[in-house]
Amino acid sequence: MTATVSSERFTDFAAGFPRKLLIDGSWVDAEGATTMPVDNPATGEILASVADASPADGQRALAAAVAAQRSWRRTPPRVRSEILRRAFDLVLSREDDLALLMTLEMGKPLAEARGEVRYAAEFLRWFSEEAVRIDGGYMTAPDGAKRALVLAAPVGPCVLITPWNFPLAMGARKIGPAIAAGCTIVLKPAPQTPLSSLALAAILAEAGLPAGVLNVVTTSRAGEVIEPMLRSGQVRKLSFTGSTNVGKILLAQCGSAVIRTSMELGGNAPFIVFDDADLDIAVDGAMQAKMRNMGEACTGANRFYVHERVAADFSRRLADRMAALRVAPGWEDQAQVGPLIDVVSRDKVDRLVRDAVDRGATVVTGAQVPSGAGYFYPPTVLTGVAAGSEMCGTEIFGPVAAIQTFTDADDVVAMANETPWGLVGYVFTRDLDRAFNVSEDLEVGMVGLNAGIVSDPATPFGGVKESGLGREGGRVGIDEFLEYKLISMPIRR
Ligand code: ADP
């Protein structure tokens, strides 16, 4: 399939999805009918144009969310629940189209995009179940003279900011609990991948979500649009997934406006293979932890620490598996590795690899930028990576496994913790004591124990240190959108 043929066919396909702003239940142009292009990273061509919101458009979206908050808060939990449940069914029934749309704007292979559609849908189902399980309390004050009623109330209008790497799932993971809790929303998707978010918003409207509850603002001017919203005094909550740098800017803005935050930021995940590990399981886990989403995941294994005794075997087996992967546009049959999101990302990955090689790393496979269209980078395995290499202190965000060796368990935990991030760590061992000790000693929010994937809508996702604040998913996911309200009553006898 040539890029030209695909580009026409796919442009027509993308044109079947919303491309305007969703404000107060209507699809509207941005101020001045301004638009921005969305690229297909497998071809480098423009896939679609979407509305490019101005700060004034952002304020209109926020005004709609604020106006809808009062009635939405009073909408029965069962009604909120059933809207989410219908959206779950609708998302699943559109799996093919949503997956292709995501592949076209983001690059991931269709099989992975389908997996993400189902994963995103599960957040809607999970939070449809949580909407009717919000509870509070009733207690007697210690002096016996008062009764306290504690109500879990929606926090209020929320701004949700999502990244491009999991465009549908990150949207659903934030929108689901906000809706379940009774909050209204302004969603700002990443400019690289707005189409999946707009498609999800259309599905939620079809599922019966009232006008103004979910407003979507696509923009190339994120800072200019978001900052005035946070200053307005009307936003009660920011939930952000993205880079640590932008997260810190937003935390400062929210700090001065006293806005609650949930922050899912960067990672620098260690992947530790002990000499007693089952190497088949460890290599499978490495393929998942490294190659999910072409390595463009904050949970991606960034630093491999492999015990000296098994390092050669592990590296060879991982390199064989990596080299066998088919790199191709995501929509092609059998594609296993799609392009990176843009040329800047690919250049960064290439630069990190060159830096590691300059510092003495050996290329076992990959490391050559291919010629031709699209932002492809080959699956790459490096051994003997020096600890001071730039990639050990930076999120690689690409299909590159950087392997170092170790001999001592305490040393490896210390090395793993030697980073400002703490999202996830992966540990492979068959020794039960070691499994628990290392899991508890790692400074991370999540541990994959003999597992290369940790995310599940039913469990709390999030990090410690500079990887973030708060948790998404699980029983606690909805708490991020609730606040306790006390009703205190003196009781006289
Ligand atoms: P990445 O480098 O992976 O694109 P970013 O942190 O830059 O990660 O982007 C994550 C999300 O944050 C995107 O939706 C992006 O548009 C948004 N964003 C970037 N800068 C700002 C900002 N100053 N204020 C608000 N949102 C921002």
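Placed above this text is the structure.
Described below are features of the structure shown in this document. What you see is a predicted model; the values in this text were computed from it and never measured. (Residues numbered from 1 in each chain as written. Predicted model: local features only at pLDDT ≥ 70, side-chain atom pairs only at ≥ 80, totals over all residues. Heavy atoms only, no water.)

**What to know about helix α8 (residues 222-231)**
When we look at burial in α8, the residues that qualify are Val225, Ile226, Met229 and Leu230. Looking straight down α8, one finds its buried side chains confined to an arc of 120°; they lie on one side. In this structure, the buried side of α8 is in contact with α2 (55-74), β7 (158-161), β8 (185-188) and α9 (244-257). (Buried < 20%, exposed > 50% of the residue type's maximum accessible area, 1.4 Å probe, protein only. Helix = DSSP H or I, 4+ residues; strand = E, 2+ residues; numbered from the N terminus. Arc of directions from axis to C-beta. Contact = heavy atoms within 4.5 Å.)

**So, a positive patch on the surface**
Together, Arg70, Arg73, Arg74 and Lys485 line one region of the surface with positive charge. When residues of the positive patch are assigned to their parent elements, the largest contribution, 3 residues, is made by α2. (Patch = residues over 30% accessible without salt bridge, like charges linked within 9 Å, V, L, I, M, F, W, Y side chains within 5 Å. Areas by Shrake-Rupley, 256 points an atom, 1.4 Å probe, with all protein chains shown as cover. Salt bridge = Lys/Arg side-chain N within 4 Å of Asp/Glu carboxyl O. Lys, Arg positive; Asp, Glu negative; His and termini not counted. Charge placed at Lys NZ, Arg CZ, Asp CG, Glu CD.)

**Observations regarding the packing of helix α5 (residues 110-131) against helix α6 (residues 167-181)**
Where α5 contacts α6, the axes come no closer than 8 Å and their chain directions differ by 5°. By the angle between their directions, the pair α5 and α6 is classed as roughly parallel. Facing Glu116, Val117, Tyr119, Ala120, Phe123, Leu124, Phe127 and Ala131 of α5, the residues of α6 in contact are Pro167, Leu168, Ala169, Ala172, Arg173, Gly176, Pro177 and Ala180. Grouping the amino acids of the contact of α5 with α6 by side-chain chemistry returns 13 nonpolar, 1 polar and 2 charged. (Axes fitted to C-alpha atoms, helices over the stretch in contact; angles between N-to-C directions. Parallel < 35°, antiparallel > 145°, perpendicular 65-115°, else oblique. Nonpolar A, V, L, I, M, F, W, Y, C, P; charged D, E, K, R; others polar.)

**Brief notes about the site of the ligand**
What surrounds the ligand is a group of 16 residues, the closest being Thr162, Trp164, Lys188, Phe240 and Ser243. In the model, an oxygen atom of the ligand is placed 2.9 Å from a nitrogen or oxygen of the Lys188 side chain. Take Ser243: an N or O atom from its side chain is 2.6 Å from an oxygen atom of the ligand. Considering the ligand on its own, with 550 Å² of exposed area, one finds that the protein chains cover 76% of that surface. Those elements giving two or more residues to the shell around the ligand turn out to be α8, β10 (237-241) and α9. Residue classes in the shell around the ligand are distributed as 10 nonpolar, 5 polar and 1 charged. (Near = heavy atom within 4 Å. Polar contact = N/O pair within 3.5 Å; in protein donor to acceptor, adjacent residues only side chain to side chain.)

**What to know about the side chain of Lys108**
The topology assignment puts Lys108 in the loop between α4 (95-106) and α5. A residue is classified by how much of its surface remains accessible, and Lys108, at 1% relative accessible area, is buried. Within the structure, Lys108 has its side chain in polar contact with the backbone oxygen of Asn165 (distance 2.9 Å). Leaving out residues up to four positions away in the same chain, Lys108 has contacts with Met102, Thr103, Ala113, Glu116, Asn165, Phe166, Pro167, Asn293, Met294 and Gly330.

**Some remarks on the pattern of salt bridges**
Scanning all chains against the criterion turns up 29 salt bridges. A salt bridge links Arg434 to Asp276, with the shortest nitrogen-to-oxygen separation between them at 2.6 Å. Taken as a pair, Arg434 in helix α14 (residues 432-441) and Asp276 in the loop between β12 (269-273) and α10 (279-291) lie far apart in primary sequence, 158 residues in all. Linking Arg326 and Glu332 is a salt bridge whose minimum nitrogen-to-oxygen distance equals 3.6 Å.

**Some remarks on the packing of aromatic side chains**
If you walk through the whole model with that rule in mind, you get 10 aromatic pairs. Look at Phe271 and Phe314: their rings are 6.4 Å apart centre to centre, the planes differ by 35°, and that puts the pair in the tilted class. Here Phe271 is found in strand β12, whereas its partner Phe314 is found in helix α11 (residues 308-323), with 43 residues between them in sequence. Neither Phe271 nor Phe314 differs from the other in exposure class; each is buried. Centre to centre, the rings of Phe304 and Phe314 are 6.2 Å apart; their planes meet at 40°, and the pair counts as tilted. Of the two residues, Phe304 sits in strand β13 (residues 301-307) while Phe314 sits in helix α11, which places them 10 residues apart along the sequence. Each member of the pair, Phe304 as well as Phe314, is classed as buried. Put simply, the rings of Phe271, Phe304, Phe314, Tyr426 and Phe428 touch in pairs and so form one group of aromatic residues. The cationic tip of Lys237 hangs over the ring face of Phe481; the distance from NZ or CZ to the ring centre is 5.3 Å. Its end group placed over the ring of Tyr119, Arg292 keeps NZ or CZ at 5.7 Å from the ring centre. (Phe/Tyr/Trp six-rings, centres within 6.5 Å; stacked < 30°, edge-to-face > 60°. Lys NZ or Arg CZ within 6 Å of the ring centre and 35° of its normal.)

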